[in-house]
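# Report on the structure
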Amino acid sequence: INGEAVAEVDVKASHLSIMHGLLRLPLPDGDLYDVPGVPRSVVKSWVTATLGKGTPVKQWAKKAVKNNPELLEHNAGDVGRLLCDRYPFMRQPARAVAGAAGLDRLGHIGTPERLLTHRLMAIEAEALTGAIRYLRSGRGVLALPIHDSLIVPRSGVGHVGGALEGAFSYVAKVRVRWTVDTAS
């Protein structure tokens, strides 16, 4: 950006973190996708698919397997049981946050299950936009959004964590974690 090398600051487990915020649950310690005996990519795939459809995934979608063949080595139902034991709200994620996320007021648009992923993306976008505004106006740092991350000049990295914490705390009622990637 303007001739300066950039860094990507990624919100860790963004939608799963937002679910915790909507339910007013503190984030557990460590990586939210860390489940003993199950690769992180498999856990992330199950969480992403479950939040995407609003109900627990019992089988892997063909497209998911094509993108991540490792899924074939892990039964989706078994992975789901482990995750639902860890995060009981994942048994019925859309229903668990229907009131807090305002999904129960949108019946004229669709069911909570169909709307959950869109609401999570909207909350994420609102929080990222708040962080971008703060960085620009409060710190003079240009930030560009990419899904659940911000691209910033490396000189601005030190300001991003506070911006993300503040914005996600305000919008999503959760104190998110993030990682910084400065690889070129």
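Everything quoted here is computed from the prediction, not taken from an experiment.

## Notes on the side chain of Ser 17
Here Ser 17 is to be found in helix H1 (residues 14-22). We classify Ser 17 as buried; its relative accessible area is 1%. Ignoring anything within four residues of it in the chain, the contact list for Ser 17 reads Lys 12, Leu 27, Leu 32, Val 174 and Val 176.

## Description of the pairing of strand S1 (residues 6-11)
Here S1 shows a buried face lined by Ala 7, Val 9 and Val 11 and an unburied face lined by Val 6, Glu 8 and Asp 10. Two elements, S1 and strand S3 (residues 149-153), share 5 bridges in a ladder whose sense is antiparallel. By the bridge assignment, Val 9 is partnered in S3 with Leu 150. Bridge analysis of S1 against strand S4 (residues 178-181) gives 4 bridges, and the strand direction is antiparallel. Across the sheet, the residue bridging to Glu 8 is Asp 181, located in S4.

## Observations concerning unusual backbone geometry
The residue Asn 2 is not glycine, and still its phi comes out positive at about 55 degrees. Within the element layout of this structure, Asn 2 appears in the segment before S1. At Ala 13, a position not held by glycine, the phi torsion is positive, near 50 degrees. Among the structural elements, Ala 13 can be located in the loop between S1 and H1. Of the residues examined, Ala 13 reaches a relative accessible area of 8% and is grouped as buried.

About the thresholds
- Residues numbered from 1 in each chain as written.
- Predicted model: local features only at pLDDT ≥ 70, side-chain atom pairs only at ≥ 80, totals over all residues.
- Heavy atoms only, no water.
- Helix = DSSP H or I, 4+ residues; strand = E, 2+ residues; numbered from the N terminus.
- Buried < 20%, exposed > 50% of the residue type's maximum accessible area, 1.4 Å probe, protein only.
- Contact = heavy atoms within 4.5 Å.
- Pairing = 2+ DSSP bridges.

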